[in-house]
Amino acid sequence: MAGLLGSLRSIFWGAVLLAFFLLVWSIVAVQFIHPLNEQLTEMGVHRDCERCPRAYSSVLESTLTFSQQIVAGDSWGEATIPIIEHYPATALYFSGFFLSVGIAVLNLILGVVVSVAQQEHERLKDELAAEHRAKEMEAHCHIMDICKTMDADGDGVLNKDDIVKGYKERPEVRAAFTEMEG
């Protein structure tokens, strides 16, 4: 979840980049592909497709068509294949569109989102490790305080008798050693 939240900014800018690419390719489609599509409509090629005659008629219609075909992955052949079949040079245009938007931009967005999610994962992992180290340090300090109180003669040295006596008689000593093991 943290990875997803961390990648929202990247997703937003990726969507802006995608919209820009779709807009540019749509403008070109209105200028060059729509006149060819009108000729196909006059020839009766699109009689089974209600939307095909207007697929590239405006920037909005072209963007919608491209979004349907590339972003959603639906009906690539319905409006595009007849144009390519009758005007083979348009294959260069559609190939350029497919490569730049379908492969480059969408995969770039995916790569950035995965990278940001991985970075967030590493940050959380480091945070958990730091918490664990802090708990260990706290346990070590607690052990040091207990050892000072177990030093019966106050000479700064614990002998075997001091340790055994402290372990047997004081539950906090046992708890501290158990905590150090875990």
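Residues numbered from 1 in each chain as written. Predicted model: local features only at pLDDT ≥ 70, side-chain atom pairs only at ≥ 80, totals over all residues. Heavy atoms only, no water.

A. Local environment of the overall build of the chain. From N to C terminus, the chain includes eight helices and zero strands. Helices and strands appear in the chain in the N-to-C order α-α-α-α-α-α-α-α. For 182 residues, the compact-globule formula gives about 16 Å, and the C-alpha radius of gyration of the chain, at 34 Å, lies well above that figure. Seen along its three principal axes, the alpha-carbon backbone of the chain occupies a region of about 110 × 25 × 25 Å. Sorting the 182 residues of the chain into buried and exposed places 30% on the buried side. Summing over all exposed atoms, the chain offers an accessible surface of approximately 11,800 Å²; the carbon and sulfur share of this is 64%. Placing the 14 positive and 25 negative side-chain charges of the chain at their respective mean positions leaves the two points 6 Å apart. (Helix = DSSP H or I, 4+ residues; strand = E, 2+ residues; numbered from the N terminus. Rg over C-alpha atoms; globule rule 2.2 N^0.38 Å. Buried < 20%, exposed > 50% of the residue type's maximum accessible area, 1.4 Å probe, protein only. Areas by Shrake-Rupley, 256 points an atom, 1.4 Å probe, with all protein chains shown as cover. Lys, Arg positive; Asp, Glu negative; His and termini not counted. Charge placed at Lys NZ, Arg CZ, Asp CG, Glu CD.)

B. Geometry of the nonpolar core. If you look at the biggest cluster of nonpolar residues, it comprises 23 residues, and the most contacted ones within it are Tyr56 and Phe66. Mapped by element, the contributors of at least two residues to this core are α2 (8–42), α3 (59–71) and α6 (90–150). Residues contacting Phe66, with those up to four places away along its chain left out, are Leu22, Trp25, Ser26, Ala29, Tyr56, Val71, Tyr93, Phe94 and Phe97. Core analysis: the second largest hydrophobic core is formed by six residues, Ile143, Ile146, Cys147 and Ala176 among them. (Core = buried A, V, L, I, M, F, W, Y, C linked by side-chain atoms within 4.5 Å. Contact = heavy atoms within 4.5 Å.)

C. The arrangement of the environment of Glu61 in detail. Tracing the sequence through the fold places Glu61 in helix α3. Sequence separation of Glu61 and Ala91 is 30 residues, and the distance between their C-alpha atoms is 20 Å. Once residues lying within four places of it in the same chain are set aside, the contact partners of Glu61 are Arg51, Arg54 and Ala55. Within the structure, Glu61 has its side chain in polar contact with the side chain of Arg51 (distance 3.0 Å). (Polar contact = N/O pair within 3.5 Å; in protein donor to acceptor, adjacent residues only side chain to side chain.)

D. The arrangement of the state of the cysteines in detail. A full pass over the atoms with the stated rule returns one disulfide. Between the sulfur atoms of Cys49 and its disulfide mate Cys52 the distance is 2.1 Å. Across the disulfide from Cys49 to Cys52, rotation about the S-S bond amounts to roughly 85°, and the bridge is consequently right-handed. There is no split in this pair, since Cys49 and Cys52 are both buried. (Disulfide = S-S within 2.5 Å.)

E. A look at the packing of α2 against α3. Between α2 and α3, whose axes approach to 8 Å, the crossing angle comes to 120°. Our classification of the angle between α2 and α3 gives oblique. Both α2 and α3 take part in a crossing whose hand is right-handed. Taken together, the residues of α3 that come into contact with α2 (itself represented by Leu18, Leu22, Leu23, Trp25, Ser26, Ile27, Ala29 and Val30) are Val59, Ser62, Thr63, Phe66, Ser67 and Val71. (Axes fitted to C-alpha atoms, helices over the stretch in contact; angles between N-to-C directions. Parallel < 35°, antiparallel > 145°, perpendicular 65-115°, else oblique. Left-handed = near helix turned anticlockwise from the far one by under 90°.)

F. Geometry of the confidence of the model for the chain. Considering every residue of the chain, the mean pLDDT works out to 84; 95% of them sit at 70 or more. Averaged pLDDT values over the elements of the chain bottom out at 65 in helix α1 (residues 2–6) and peak at 94 in helix α5 (residues 81–86). (pLDDT = per-residue confidence, 0-100.)

G. Highlighting the packing of aromatic side chains. Going through the model one piece at a time under the given rule, you end up with nine aromatic pairs. Ring centres 5.1 Å apart and planes at 75° place the aromatic pair Tyr93 and Phe94 in the edge-to-face group. Aromatic rings pair up to connect Trp25, Tyr56, Phe66, Tyr93, Phe94 and Phe97 into one cluster. (Phe/Tyr/Trp six-rings, centres within 6.5 Å; stacked < 30°, edge-to-face > 60°.)

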